[in-house]
Amino acid sequence: MATGWMSDVEALMWNVERDPYLDPTFGSLTLLESMPDVDHLRGRLLRMVDNHPRFGQRVVAPAGRLTPPAWCDDPEFDIDHHLRVLRLPAPGTHRQLLDLATRLVQDPLDRRRPLWEFVVIDGLADGGGALVQKIHHTITDGEGVLRIAAEFLDTGPELPDLGEPTSLGPRPGPPTSPVALVADAAAFAARRAVTVGRHIAGEAVGLAAHPTRVPATLTTTVATTRSVLDQLTITDRSLSPLWTGRTLRRRLDGVDLPLSSLQASARALGGSVNDAFVTGLAGAIAEVHREAGHPVEALRMAMPVSVRSRGASGGNAFVPARVVLPVGDEDPRTRFRAVHAVLERVKREPVLGVVDELAMVANLVPVTVMTRVTREQARAVDFAASNVRGAPVPVWLAGARVLADYPIGPLTAAALNVTLLSYAGTCHLGIHSDAGAITDPDRFVALIEASFADLFAASA
C-alpha cells in the first residue's frame, strides 16, 4: 500500500522534470570550521529518516493518470547511498568547492531510491570542511528543509548521545500486484472525488441559502480567472534583451550581507527584509543590462510564496508566483517603493488559492504536452528570487561549527536564481546562474555588492 501521495503540485514537478531544464532539485553548500564526525552524522540522518518518512521512501508511478505518484517505503534503503564523503583535489580552493557543489546538485538523482543526497567534502585549503545537501523538491521545500535540519544540527560542539543505533529494519516495499496498484489508486481517486464533491455541494448550498452572495462570488470568480490567465498564459518570451540564451552550464557564487543592514533599510523605507533583498538584487540586474548597452525598465521574476503553518515541517507549502518587476530606477529608494508595491500585490493574487486545483488538471494532460508547455512558460521568467529565514544563532553539524550556508535554488529555465538564507546575523546569497546568460559572473557579483551598498547608504 502507498504510505502517502504527492500533492498535485509535487506531481507536476515530478512529471515535467524529464526535461533537464525543468529539474526541480535544489540544495545548499554549507561551510564548516572543521570536518564533521561522519559516523555521528550518519546516525543523525538515520534518525531523520525515521522521523520524516519521505527521506526513506521512493516514488512509485500511479496506475493510470487519475492519481498522483505515491510515496512507498524503500525496502532496500541504504544510508550509505545517501551520505558520501569526497575529497577536493589540491589545492582545494573555494572556487573548486563552488564548482563541485554545482555539479553535485545538477547530477540527476536516482529515481529508484529516496530522492536526496548529503555529500561531506574534505581537502579544503583552509583545513575546514563542507557539506552539500541535495534534495528533490517533491520531498519538501527550502523552508521545510530548515525545519527538518533540527534533526542533525546542534547549538554547541558537543556530540549528543544518540542512544542505541537507529536501525530502520526491514521495510515493506510498494505493491507489486497490478490488482493492488489499481485498488490503491482507485481508493485514493474515490476519496478525492468525495472531497471535491462535498466542496462543490457546500458552495452550492451556501449560495442557495444566501443569494445575496452571488454577485460577490461572481466577482471573485472573474478576478480569479483573470489572475490565472495573467500567471499561467504568458505568451511572450523573457523580457531581458540580454539574457536570451539558455544552457545546462551552471555556476554558483556567494555574497554575504549583514542582516542588520537589510533590516535597517527595510524599516527606514517602510517595507520588509524581502523588499530590501529584491530591491538590491534588482539594482544589480539593471546595472548589468545598462553596462551591456541593453537598459531595461522591468523584468519578469519568479518568487515562491510560503503558505507553511507554524510548526509544520516536511512536504511542500508554497505557491509559485510570477511578477513583472520594475528594475530600471537608479535611485534605490524609488526602486524600493516600486518593488514593495508589486510584492504586496502578489500576495493577494487570487490564483495563489487555486494552484493545487490547476495542477490537478495539468497532470491529466499528456506528459509530453505538459512538459513542452511548462518549458515555454518557464522560459518567460528572467530570474528567480527567494528568501528563507535560517537559524538566528550559531549551530554545529556533527561537532563542526557552521560558518556559512549558501542555497542553490533550481533555475527551471530561468537565467538566474538568487536565494537568501539568513544565519546568525548574516545573509548568505546563493547565486545560481546559467553560464549561457550570465557571461561575466565575477562582474555580476561585484554589482550585487555595490547595489546593496547603495541601498544601505540611501536608507541610512
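Worth saying up front: this structure is predicted, and the values here are computed from it rather than measured.

Thoughts on the overall build of the chain
Phase 1 of the analysis: Helix and strand content of the chain: 13 helices and 16 strands.
Phase 2 of the analysis: Taking all 460 residues of the chain together, 51% fall into the buried category.
Phase 3 of the analysis: Residue pairs in contact within the chain that sit at least 24 positions apart in sequence constitute 79% of those at least 6 positions apart.
Phase 4 of the analysis: Surface summary for the chain: the accessible area is close to 20700 Å², and the carbon and sulfur share equals 57%.

Notes on the packing of aromatic side chains
Phase 1 of the analysis: Per the stated rule, a full pass over the model turns up five aromatic pairs.
Phase 2 of the analysis: Aromatic pair F118 and F152: ring centres 5.4 Å apart, planes at 80°, arrangement edge-to-face. Note that F118 is positioned in strand β6 (residues 116-122) and F152 in the loop between α5 (142-148) and β8 (153-154), a separation of 34 residues in sequence. Each member of the pair, F118 as well as F152, is classed as buried.
Phase 3 of the analysis: Summarising the aromatic geometry, the rings of W243 and F444 are spaced 6.4 Å apart at their centres and angled 85° between planes, so their arrangement reads as edge-to-face. Of this pair, W243 sits in the loop between α7 (214-232) and β9 (250-258) while F444 sits in helix α13 (residues 441-458); the two residues are 201 residues apart in sequence, bridging distant segments of the chain.
Phase 4 of the analysis: Taking relative accessible area as the criterion, W243 reaches 1% and is therefore assigned buried.
Phase 5 of the analysis: Grouped by ring-pair contacts, the aromatic residues F55, W116, F118 and F152 constitute a single cluster.
Phase 6 of the analysis: One cation-aromatic arrangement involves R111 over W14; the distance from NZ or CZ to the ring centre is 3.6 Å.
Phase 7 of the analysis: The residue whose ring lies beneath R375 is Y21, and the NZ or CZ to ring-centre distance is 3.9 Å.

Here's the deal with helix α12 (residues 367-378)
Phase 1 of the analysis: The end-to-end C-alpha distance of α12 is 16 Å, a good match for the 16 Å that 12 residues give at a rise of 1.5 Å each.
Phase 2 of the analysis: For α12, the set of buried residues is V367, M370, T371, R375, Q377 and A378. Across the axial projection of α12, the buried residues extend over an arc of 165°, all falling on one side. Those residues of α12 that are exposed and angled more than 90 degrees off the buried face are T368 and R372.

A word on the nonpolar core
Grouped burial of nonpolar side chains is what soluble globular proteins tend to show.
Phase 1 of the analysis: Counting residues in each nonpolar core, the largest one holds 48 residues, and the members touching the most others are F383, L429 and F444.
Phase 2 of the analysis: Among all residues touching L429, those that are not within four sequence positions of it are D253, G254, V255, L257, F277, Y406, V418, T419, L420, I448 and F452.
Phase 3 of the analysis: Formed by 35 residues, the second largest nonpolar core is a distinct cluster that contains M6, V59, L115 and I135.

With respect to the sheet that holds strand β4 (residues 70-73)
Phase 1 of the analysis: Taken in spatial order, the three strands line up as β1-β4-β3 in an open sheet, and their pairing is antiparallel. Both edges of this open sheet fall to β1 (4-5) and β3 (57-60), since each of them pairs with a single strand only.
Phase 2 of the analysis: Relative to β4, β1 is paired through two bridges, and the arrangement is antiparallel. Following the sheet pairing, G4 is matched in β4 by W71.

Considering the confidence of the model for the chain
Regions with low pLDDT should not have their predicted coordinates read in detail.
Phase 1 of the analysis: Overall, the prediction assigns the chain a mean pLDDT of 85, with 79% of residues at 70 or greater.
Phase 2 of the analysis: Considering only residues more than four positions removed or in separate chains, one finds that residues 193-207, a stretch of pLDDT under 50, has five contacts.
Phase 3 of the analysis: Confidence over residues 216-232 falls short of pLDDT 50; this stretch has 20 contacts with residues more than four positions distant or in other chains.

A look at the packing of helix α8 (residues 259-269) against α13
To characterise two packed helices, one gives the angle between the axes of the helices and the distance between these axes.
Phase 1 of the analysis: Relative to each other, α8 and α13 sit at 50°, their axes nearing to 9 Å. Looking at the two axes, α8 sits oblique to α13. With respect to the hand of their crossing, α8 and α13 are arranged in left-handed fashion. Packed against α8, whose contacting residues are S261, L262, S265 and L269, the element α13 presents F452, L455 and F456 at the interface.

Brief notes about unusual backbone geometry
A negative phi angle is the norm for most residues apart from glycine, just as the trans form is the norm for most peptide bonds.
Phase 1 of the analysis: Residue P91 is bonded to the preceding A90 through a cis peptide linkage, with omega at 10°.
Phase 2 of the analysis: Within the element layout of this structure, P91 appears in the loop between β5 (83-87) and α4 (94-106).
Phase 3 of the analysis: In the Ramachandran plot, A424 falls in the positive-phi region, its phi being about 50° despite a non-glycine side chain.
Phase 4 of the analysis: Relative to the elements of secondary structure, A424 occurs in the loop between β15 (416-423) and β16 (426-434).
Phase 5 of the analysis: Look at A424 and you get partly exposed, because its relative accessible area is 33%.

Looking at the pairing of strand β12 (residues 383-389)
Phase 1 of the analysis: The element β12 is extensively covered by neighbouring structure, given that five of its seven residues are classed as buried.
Phase 2 of the analysis: Sheet analysis places strand β10 (residues 298-306) next to β12, joined by two bridges and oriented parallel. In the strand pairing of β12, A302 is matched with A384.
Phase 3 of the analysis: In terms of strand pairing, β12 meets β15 through six bridges, oriented parallel. Considered in β15, the bridge of A385 is made with V418.

Observations concerning the packing of helix α1 (residues 8-16) against α12
Phase 1 of the analysis: Two elements in contact, α1 and α12, have axes whose closest approach is 9 Å; the angle formed by their N-to-C orientations is 95°. Put simply, α1 runs roughly perpendicular to α12. Each of L12, N15 and V16 in α1 lies in contact with α12, whose residues at this interface are V367, M370, T371 and T374.
Phase 2 of the analysis: By residue class, the composition of the contact of α1 with α12 is four nonpolar, three polar and no charged.

A short note on the environment of E158
Phase 1 of the analysis: Here E158 shows up in the loop between β8 and α6 (178-209).
Phase 2 of the analysis: Relative accessible area serves as the criterion here: at 58%, E158 is assigned to the exposed category.
Phase 3 of the analysis: With 238 residues separating them along the chain, E158 and W396 place their C-alpha atoms 8.7 Å apart.

Comments concerning α1
Phase 1 of the analysis: Burial runs high along α1: eight of the nine residues are buried.
Phase 2 of the analysis: For α1, the complete set of buried residues consists of D8, V9, E10, A11, M13, W14, N15 and V16.

Rules of the game
Residues numbered from 1 in each chain as written. Predicted model: local features only at pLDDT ≥ 70, side-chain atom pairs only at ≥ 80, totals over all residues. Heavy atoms only, no water. Helix = DSSP H or I, 4+ residues; strand = E, 2+ residues; numbered from the N terminus. Buried < 20%, exposed > 50% of the residue type's maximum accessible area, 1.4 Å probe, protein only. Contact = heavy atoms within 4.5 Å. Areas by Shrake-Rupley, 256 points an atom, 1.4 Å probe, with all protein chains shown as cover. Phe/Tyr/Trp six-rings, centres within 6.5 Å; stacked < 30°, edge-to-face > 60°. Lys NZ or Arg CZ within 6 Å of the ring centre and 35° of its normal. Expected span 1.5 Å × (residues − 1). Arc of directions from axis to C-beta. Core = buried A, V, L, I, M, F, W, Y, C linked by side-chain atoms within 4.5 Å. Pairing = 2+ DSSP bridges. pLDDT = per-residue confidence, 0-100. Axes fitted to C-alpha atoms, helices over the stretch in contact; angles between N-to-C directions. Parallel < 35°, antiparallel > 145°, perpendicular 65-115°, else oblique. Left-handed = near helix turned anticlockwise from the far one by under 90°. Nonpolar A, V, L, I, M, F, W, Y, C, P; charged D, E, K, R; others polar.

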